[in-house]
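Breakdown of the fold
Residue strings, one per chain:
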Amino acid sequence: MAITATAISYDALNPLPATLADQSGNGLDMVVGLTFIAAFATVGALLAWKRPGNPIGWLLSGSGLAYALGGFGQLLIHFPRTRTLGNWLGWTWLVGLGLCVFVLLLFPAGSLPSRRWRPVAWAAGAGLAGWVLGNVFAPTIISASPATVPNPVGVTGAPGKIFQVMAGSSAALIAATALAAVLSLVFRYRQAQAAERAQLRWLVYAGALTVAAVVAGLLTAQIIGTNSTTTNLQNALGSGAAVLLPAAIGIAVLRYRLYDIDRIISRTVAYAIVTGLLIGVYAGLVLLATHLLRFHTPVAVAAATLAAAALFNPVRRRVQHQVDRRFNRARYDADQVAAAFAARLKDTVDLNSVRDDLTGIVSRALEPAHVSVWISRPQDGS
């Protein structure tokens with residue numbers, strides 16, 4: 001983290017010439033890379049401390065370290081004597097992604113879903129090893145731009161071509177095993193119990209938000225164009241996406257507030273729907289007022305803003321009610337049962353009736369094997 005922060009700070013104070021900028025990457029990549037390193041290293045250290053027997057923490061730490069070496073390479077590019085070494089270290093970022101393949105395969109318990117997934121793990125290891133060997137001994141530095149930068153430890157001639165092919169095929173193998181690792185989550189979910197399913201939902205939720213953030217950044221750049229605003233937006237979305245996955249992994253492995261995931265998903269879906277509806281209402285009212293009713297634009301914007309603000313709470317309550325019934329059914333049913341019990345409790349004074357009603361709603365909501373109620377009475381008999 002310190003090395004990458006130093007590289008970013010030095011690059012901000014001493015920007016690279018245009019001929020070397022492609023070798024170092026733009027500011028967005030560097031900031032997102034620092035966020036990636038900070039998130040993965042922090043969560044990895046926490047899991048390695050709290051769950052030392054689970055390899056996921058060590059894998060996350062190794063992934064952050066691989067990206068840190070890439071950041072160190074970007075720092076070395078600034079100096080002519082170490083530029084070649086900086087380009088040579090630029091390929092280490094894929095090592096971090098390769099370790100993430102093992103994170104998916106072993107998540108959340110630290111073991112494979114079954115023995116049938118051992119070939120995938122061996123293939124991922126072979127791809128990672130081939131990528132490292134190919135980049136180390138290729139005649140030119142594959143990750144450099146242009147790709148004709150000589151490799152200080154590369155092998156020339158026919159063996160060097162073999163190492164180049166090894167690096168390319170190994171990268172394809174890592175991509176294939178990554179897809180297989182994602183499929184392993186589906187297989188694991190079908191065989192999992194309630195707690196493990198909640199852990200997997202945390203990871204899937206973070207992955208879905210990450211994909212949504214990346215797609216939103218790309219669409220914004222395509223629609224608006226590349227400028228400082230879109231760059232800052234992509235920066236924020238990319239940094240947030242880099243934090244989501246390790247944070248979700250940490251929560252799932254440590255089982256911290258594990259069963260809140262259903263409520264979080266329902267709130268996310270509800271607010272996404274409400275936001276879309278209000279944006280549509282706002283845009284429709286502005287277009288209606290300015291094009292059909294011929295209002296002045298400031299008046300139309302003010303009226304549309306007031307209408308959207310007035311509709312927010314009613315729309316949110318209605319949408320949240322419907323989303324809870326679909327995505328958070330257990331909590332929705334429990335809330336309905338608790339609300340009905342609270343309404344009856346206000347008009348009930350008989351202790352036996354309250355006790356029978358309480359045991360009844362607990363049995364319906366939780367379906368326990370046994371229910372008992374212990375009532376504490378004051379010592380003076382009052």
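Check the entry above for the structure.
Here's what I pulled together on the structure shown here. All figures in this text were calculated on a predicted structure; none of them were measured in a lab.

**Considering the overall build of the protein**
The helix and strand inventory of the protein stands at 14 helices and zero strands. If you list the helices and strands of the protein from N to C, you get α-α-α-α-α-α-α-α-α-α-α-α-α-α. Looking at the protein as a whole, 35% of its 382 residues qualify as buried. Of all intrachain contacts in the protein linking residues separated by at least 6 positions in sequence, the fraction that spans at least 24 positions is 67%. Total accessible area on the protein stands at roughly 21,900 Å², and carbon and sulfur atoms take up 66% of it.

**So, the nonpolar core**
One recurring pattern in soluble globular proteins is that nonpolar side chains are buried together. With 52 residues, the main nonpolar core has L47, I56, L60, L105, F107, W131 and I249 as its most contacted residues. Broken down by secondary-structure element, the contributors of at least two residues to this core are α3 (27–50), α4 (55–76), α6 (93–106), α7 (118–137), α8 (158–191), α9 (194–224), α10 (228–254) and α11 (261–292). Here this core takes nine residues from α6, the largest share from any one element. The residues contacting W131, other than those within four sequence positions of it, are W91, L94, V95, A167, S170, A171 and I174. Counting five residues, the second largest nonpolar core, distinct from the first, contains A270, L278, V319 and V323.

**Things to note about α6**
Quick reminder: α-helices carry 3.6 residues per turn. Residues three or four places apart thus point the same way. Counted at 1.5 Å a residue, the expected span for α6 with its 14 residues is 20 Å, and the 21 Å between its end C-alpha atoms agrees. The buried fraction of α6 amounts to eleven of the 14 residues, a majority that puts the element mostly inside the structure. Residues of α6 that are buried include every one of L94, V95, G96, G98, L99, C100, V101, F102, V103, L105 and L106, and no others.

**Re α8**
With 34 residues, α8 should cover 50 Å at 1.5 Å per step; its first-to-last C-alpha distance of 49 Å lies within 8% of that length. Where α8 is concerned, the buried positions are G160, F163, A167, S170, I174, T177, A180, A181, S184, L185 and R188.

**Points about the environment of L46**
Within the secondary structure layout, L46 lies in helix α3. Along the sequence, L46 and S61 sit 15 residues apart, while their C-alpha atoms lie 9.5 Å from each other.

About the cut-offs
- Residues numbered from 1 in each chain as written.
- Predicted model: local features only at pLDDT ≥ 70, side-chain atom pairs only at ≥ 80, totals over all residues.
- Heavy atoms only, no water.
- Helix = DSSP H or I, 4+ residues; strand = E, 2+ residues; numbered from the N terminus.
- Buried < 20%, exposed > 50% of the residue type's maximum accessible area, 1.4 Å probe, protein only.
- Contact = heavy atoms within 4.5 Å.
- Areas by Shrake-Rupley, 256 points an atom, 1.4 Å probe, with all protein chains shown as cover.
- Core = buried A, V, L, I, M, F, W, Y, C linked by side-chain atoms within 4.5 Å.
- Expected span 1.5 Å × (residues − 1).

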